[in-house]
Amino acid sequence: MSTSTLSAPQSAPCDLIIDTDPGADDLVALLLAMACPAELNIRAITTVAGNVSLGKTSRNACLAREWAGREDIPVYAGAGRPLVRKPVHAAEVHGEEGLEGVAVHVPRQGLASGSAVQYLVDTLADAEPHSITLAMLGPQTNLALALVQQPGIARGIKEVVVMGGAHFNGGNITPVAEFNLYADPHAAEVVLASGVRLAYVPLDLTHKIITSDERFRQLAAIGNQASKRVVGILDAYVKHDMDLYGMPGGPVHDACVIAYLLAPGLFSGRRAHMTVDSREGPTFGQTIVDWYGVLKRPANVLWLNDGDAQGFFDLLSARLARLQ
Ligand code: BDR
Ligand code: CA
């Protein structure tokens, strides 16, 4: 059972839909993605309730698009609550507006008409087989609803890259559960059961890719509006995790998904069998990874558990420098 570093990215741009609940780290992920049009052809951004309510995550996604000068990308609002469980938010981490360290306002351009779930159904049903990548940066409710509505759309998906889960690290919302999986474990189960190709970017990885004073200086040195916003947002955001975990810096979870799409060679992991616990109780939302293959069950995810932290911040800095 080996752990492998992942191969170089494809040369054609990746057809991408970003499903997100901005959220501080989502915002950084969106700016990074929108700074890379040669590599990432972002077909749409779809929003979900998660860190804060759907209205706020949708507004913040529209602001990210405006700040990146990418108002050509449609933003569709999706599910306002999880499939089964009671809604749970993380305003204590991301602030009441879902963003701190930067002023929010009513975006210049509003949402696209129609629901994110119908957008996913229509787009994936029309897509060439295995052609569209999904970056899932929040609870997986929208994709689960689309797969329930029309299971055949799984064929249009090339890969789903999920920020979520925790195995070796322990959780961040309960002792064992990571927020995105805890916020809608039933949705994660639907996506797992669909058989789509899955990569997971869990806390096991993201807690190794953390900020430092030097990395803040590196981002600030870019000196454009995008870097000022990212520095402001991260400065407010990482304090929570630094205090909670006693770490010298804080993670930028969701941006690791986009970095993986841009530069998979920065990361390493292993294909393994994973399950999520959706039973009520102390392990609700926990992800269990058969890292050593003791169950002899087929691998259903690529579980990323390590990465080049400085490589990540170099990539983020180089790409943010392309924005205004
Ligand atoms: C994940 O939960 C959210 O609070 C973050 O935006 C990230 O997607 C980290 O556990
Ligand atoms: Ca998120």
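For clarity, every value in this text was computed on a predicted model and none was experimentally measured.

Colleague: Help me understand helix α11 (residues 253–262), please; the structure alone is not making it clear to me.
Modeller: Since the α-helix turns once every 3.6 residues, residues separated by three or four places project in the same direction. Most of α11 sits out of view: ten of its ten residues are buried. Looking at α11, one finds that the buried residues are His253, Asp254, Ala255, Cys256, Val257, Ile258, Ala259, Tyr260, Leu261 and Leu262.

Colleague: Before we go on, may I ask you to explain the site of ligand 1 in this structure?
Modeller: Around ligand 1, the neighbouring residues are Asp25, Asp26, Asn51, His94, Leu137, Met163, Asn172, Glu178, Phe179, Asn180, His253 and Asp254. Within the side chain of Asn172, one N or O atom sits 2.8 Å away from an oxygen atom of ligand 1. Interatomic distance of 2.4 Å between a side-chain N/O atom of Glu178 and an oxygen atom of ligand 1. When each cavity is represented as a set of grid points, ligand 1 is found to reside in the second largest pocket. Looking at the shell around ligand 1, the elements that each hand over two or more residues are α1 (24–34), α6 (179–183) and α11. Partitioning the shell around ligand 1 into residue classes produces three nonpolar, five polar and four charged.

Colleague: Even after reading the chapter, I still don't get the coordination of the calcium ion (ligand 2), so can you show me in this structure?
Modeller: Put simply, a metal with four donors set out as a tetrahedron has ideal angles of 109.5 degrees, and one with six donors set out as an octahedron has ideal angles of 90 or 180 degrees. In this structure, Asp21 (OD), Asp26 (OD), Asp26 (OD), Leu137 (O) and Asp254 (OD) serve as the protein donors to the calcium ion (ligand 2), at separations of 2.2 to 2.6 Å. Ordering the donors of the calcium ion (ligand 2) by residue number gives the pattern D-x4-D-x110-L-x116-D. Of this pair, Leu137 sits in the loop between β5 (132–136) and α5 (141–149) while Asp254 sits in helix α11, and the two are 117 residues apart along the sequence. By relative accessible area, which is 0% here, Leu137 ends up buried.

Colleague: Could you clarify how one ought to interpret the side chain of Asp184 in this entry?
Modeller: Structurally, Asp184 is set in the loop between α6 and α7 (185–193). One buried charged residue, Asp184, forms no salt bridge at all, with the nearest opposite charge on Arg85 at 6.6 Å. Those residues in contact with Asp184 that sit more than four places away from it in its chain are Pro82, Leu83, Arg85, Pro139 and Thr141.

Colleague: What's the story with empty space enclosed by the protein in this structure? I'm lost.
Modeller: A probe matching the size of a water molecule, rolled over the atoms, marks out where space remains unfilled. Going through the model one piece at a time under the given rule, you end up with one cavity of 30 Å³ or more. A volume near 70 Å³ is recorded for the largest cavity. What lines the largest cavity is simply Val48, Ala49, Gly50, Gly80, Arg81, Pro82, Pro87, Val88, His89, Pro139, Thr141 and Ala183. In terms of residue class, the lining of the largest cavity is built from seven nonpolar, four polar and one charged.

Colleague: I keep staring at the packing of α1 against helix α10 (residues 225–245) and nothing clicks. Help me out?
Modeller: Helix-helix packing is described using two parameters, namely the angle between the two axes and the distance between the axes. Running from amino to carboxyl end, α1 crosses α10 at an angle of 155°, the nearest separation of the two axes being 9 Å. By the angle class used here, α1 and α10 are roughly antiparallel. Considering how the two elements wind past one another, α1 and α10 form a crossing that is left-handed. Across from Ala24, Asp25, Leu27, Val28 and Leu31 in α1, the residues of α10 making contact are Ala226, Val230, Ile233, Leu234 and Tyr237. In terms of residue class, the contact of α1 with α10 is made up of nine nonpolar, no polar and one charged.

Colleague: Explanation requested: the pattern of salt bridges in the structure shown.
Modeller: Oppositely charged side chains may form a pair once their charged atoms are brought near each other. Applying the stated criterion across every chain yields a total of ten salt bridges. One salt bridge in this structure joins Asp72 and Arg70, with 3.1 Å as the shortest N-O distance. Overall, the relative accessible area of 56% leaves Asp72 in the exposed class. Residue class for Arg70 comes out buried when judged on its relative accessible area of 16%. Between Glu71 and Arg108 there is a salt bridge, with the nearest N and O atoms lying 2.8 Å from each other. Linking Glu71 in the loop between α2 (54–67) and β4 (75–77) with Arg108 in the loop between α3 (91–94) and α4 (116–126), this pair joins segments that are 37 residues apart in sequence. Residue classification places Glu71 among the partly exposed residues on the basis of a relative accessible area of 23%. In this structure Arg108 comes out as exposed when scored by relative accessible area, which is 62%.

Each value, and the rule that gives it
- Residues numbered from 1 in each chain as written.
- Chains lettered and ligands numbered in written order.
- Predicted model: local features only at pLDDT ≥ 70, side-chain atom pairs only at ≥ 80, totals over all residues.
- Heavy atoms only, no water.
- Buried < 20%, exposed > 50% of the residue type's maximum accessible area, 1.4 Å probe, protein only.
- Helix = DSSP H or I, 4+ residues; strand = E, 2+ residues; numbered from the N terminus.
- Near = heavy atom within 4 Å.
- Polar contact = N/O pair within 3.5 Å; in protein donor to acceptor, adjacent residues only side chain to side chain.
- 1 Å grid on protein atoms, 1.4 Å probe; cavity = no way out; pocket = protein on both sides within 12 Å on 5 of 7 lines; lining within 4 Å.
- Sits in = over half its atoms within 2 Å of the grid points.
- Nonpolar A, V, L, I, M, F, W, Y, C, P; charged D, E, K, R; others polar.
- Donors = N, O, S within 2.8 Å, 3.2 Å for Na, K, Ca; no water.
- Lys, Arg positive; Asp, Glu negative; His and termini not counted.
- Salt bridge = Lys/Arg side-chain N within 4 Å of Asp/Glu carboxyl O.
- Contact = heavy atoms within 4.5 Å.
- Points joined across faces, edges and corners; volume = space filled by probe spheres on them.
- Axes fitted to C-alpha atoms, helices over the stretch in contact; angles between N-to-C directions.
- Parallel < 35°, antiparallel > 145°, perpendicular 65-115°, else oblique.
- Left-handed = near helix turned anticlockwise from the far one by under 90°.

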